[in-house]
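# Observations on chain architecture
So the chains spell out like this:
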Amino acid sequence: MAAGYLDILRARHAARLLTGTLVGRLPNGTAPIAIVLFTRAEGGSYALAGALAAVYGLGTAVGQPLLGRAVDLYGQPRVQLPAAVLSALGMALLAVAGFGSLPLAYAAVAVAGVATPPLEGGLRALWPSVLGGEDRVHRAYAMDAVAQEVMFTVGPLLVTVLVSLWSPAAALLVINAIGVLGALSVVLSEPSRTWRSAPREAHWLGALRSPGLLALLGSFFFVGLALGSITVAGVAYADDHGQESVYGWLMAALGLGALLGGTVYGARQWSGPPERRLRVIVALLALGYLPLMLTPGVVAMTVLAAVAGVFLAPAIACSFIVVDRHAPRGTVTEAFSWLVTTFGVGAAAGTAVAGPAVELGGTVWSFAVAAAGGAAALLVLLATGKVLAAPGRGAVAAHGPQDGRDGAAEPGLSPEPQA
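A brief report on the enclosed structure follows.

About the cut-offs
Residues numbered from 1 in each chain as written. Predicted model: local features only at pLDDT ≥ 70, side-chain atom pairs only at ≥ 80, totals over all residues. Heavy atoms only, no water. Helix = DSSP H or I, 4+ residues; strand = E, 2+ residues; numbered from the N terminus. Rg over C-alpha atoms; globule rule 2.2 N^0.38 Å. Buried < 20%, exposed > 50% of the residue type's maximum accessible area, 1.4 Å probe, protein only. Contact = heavy atoms within 4.5 Å. Lys, Arg positive; Asp, Glu negative; His and termini not counted. Charge placed at Lys NZ, Arg CZ, Asp CG, Glu CD. 1 Å grid on protein atoms, 1.4 Å probe; cavity = no way out; pocket = protein on both sides within 12 Å on 5 of 7 lines; lining within 4 Å. Points joined across faces, edges and corners; volume = space filled by probe spheres on them. Expected span 1.5 Å × (residues − 1). Axes fitted to C-alpha atoms, helices over the stretch in contact; angles between N-to-C directions. Parallel < 35°, antiparallel > 145°, perpendicular 65-115°, else oblique. Left-handed = near helix turned anticlockwise from the far one by under 90°. Nonpolar A, V, L, I, M, F, W, Y, C, P; charged D, E, K, R; others polar.

## As for the overall build of the protein chain
- Along the protein chain, the regular secondary structure elements total 18 helices and zero strands.
- Against the compact-globule benchmark of 22 Å for 419 residues, the protein chain has a radius of gyration of 20 Å, which places it among compact chains.
- Along the longest, intermediate and shortest principal axes, the C-alpha atoms of the protein chain span 60 × 40 × 40 Å.
- Buried positions account for 59% of the 419 residues belonging to the protein chain.
- Partitioning the intrachain contacts of the protein chain with sequence separation of at least 6 by distance along the chain shows that 82% fall at a separation of at least 24.
- Charge-centre separation for the protein chain: the mean point of 23 positive side chains lies 7 Å from the mean point of 21 negative side chains.

## Describing the layout of surface pockets
- When its volume is computed, the second largest pocket comes out at roughly 150 Å³.
- Every residue lining the second largest pocket is listed: Gly261, Val264, Tyr265, Trp270, Arg277, Val280, Ile281, Leu284, Val310, Phe311 and Pro314.
- Of all elements in the fold, only helix H12 (245-267) and helix H13 (274-289) reach the threshold of two or more residues within the lining of the second largest pocket.
- For the lining of the second largest pocket, the leading source of residues is H13, giving four residues.

## Considerations on helix H11 (residues 211-240)
- Taking 1.5 Å of rise per residue, 30 residues should cover 44 Å, and H11 covers 44 Å from first to last C-alpha, within 8% of that figure.
- Where burial is concerned, most of H11 is hidden: 22 out of the 30 residues are buried.
- Looking at the residues trailing H11, positive phi occurs at Gly242, about 70°.

## Let's talk about the environment of Gln76
- Inspection of the secondary structure assignment puts Gln76 in the loop between helix H4 (46-74) and helix H5 (77-97).
- In this structure the C-alpha to C-alpha distance between Gln76 and Leu162, which are 86 residues apart in sequence, comes to 31 Å.
- If near-sequence neighbours (up to four positions away) are discounted, Gln76 is found in contact with Val71, Gly122, Leu126, Val186, Val187, Ser192 and Trp195.

## Considerations on the packing of helix H2 (residues 14-24) against helix H9 (residues 168-187)
- Two elements in contact, H2 and H9, have axes separated by 7 Å at closest approach and are oriented at 150°. Viewed along their axes, H2 and H9 adopt a mutual orientation that is roughly antiparallel. Where H2 crosses over H9, the two elements pack in a sense that is left-handed. Residues Arg16, Leu17, Gly20, Thr21, Val23 and Gly24 of H2 form the contact with H9, whose participating residues are Ile178, Gly179, Gly182, Ala183, Ser185 and Val186.
- A per-class count over the contact of H2 with H9 returns five nonpolar, six polar and one charged.

Purely spatial values, then, with no claim about function.
Here is the structure:
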């Protein structure tokens, strides 16, 4: 199982790019918990915490595709590093100014979200030039999803440790400083400095002119909604049991389950269309969220959280392949950034709904939001099956001669003339 991953990590630049991207994304991956804990420590309500987290998520949703398109047009270093610094400054303003002025707090969170660098899409755009073969790239997608779950496992624990040792404000400052260092490591690497997107057709919709990509984004909006609601529901559950640390353990268990599931998924060679496989994985993911509504004792709940996470990383890894198959030529970073945007909007909606749900119906209602999100994600995939089954309509491989694939189309795709 480990041999395939080691083969990828031994490739020149691969370990640095993966680690730098992972570290650079730490502020984004931990922002919901950091914002919630900071708000509660300052005396704010769950509704305010959910609203601020929602503003951050919406800011990310707006910024990611815009910055992703800028990366495709102007390269990675000119966009990624300035964005990382600006995002960190936004969070620093929130930590220093607090809630003396609510408009200022909302503005700081919005800036931090909008300026979040599109490191995820940037890494996936670099894999073909770093690794070469399609099988290795697909395995790298799975490894990327697994590494992401390491961040989601370690990140919440790191935030809670920083809060325990210092304060929620200190946690915001330290996490975002670390994120800037990660982005710096990526943009100074040779693959990032030399990468250029393939020529693209001039079209105002960009990557969104692909019907298959739109269908996938519609489904993963609801996956994001489920994850966003769990952020608030987990804090409410921890409050019910009188221990802040319980939240960190629940989120860590969710990430650990996803890590294990993603590791197994990436170690296998899969046959058949990835779109069909994605429907099965999302169905299992949706089923995993249902038992969380039982809200049993802490030990049992931690186990349920781990089970709920098992199919998350496989769903994400499989979605990367689907994005790759449906993205129009020259829009690779933008297309992957739209996936991040979908998560951002969905997570924002989840946190915004789960906050009032806690106050109106208790913790169970907030976990019910997650279960409903998983079911809706599956329904979208089932309803758009015909669109997803035709990746060749209007879409070509996202990778051209300038990004390491010599213009070769993905399986099932037909190259089209580009303007």
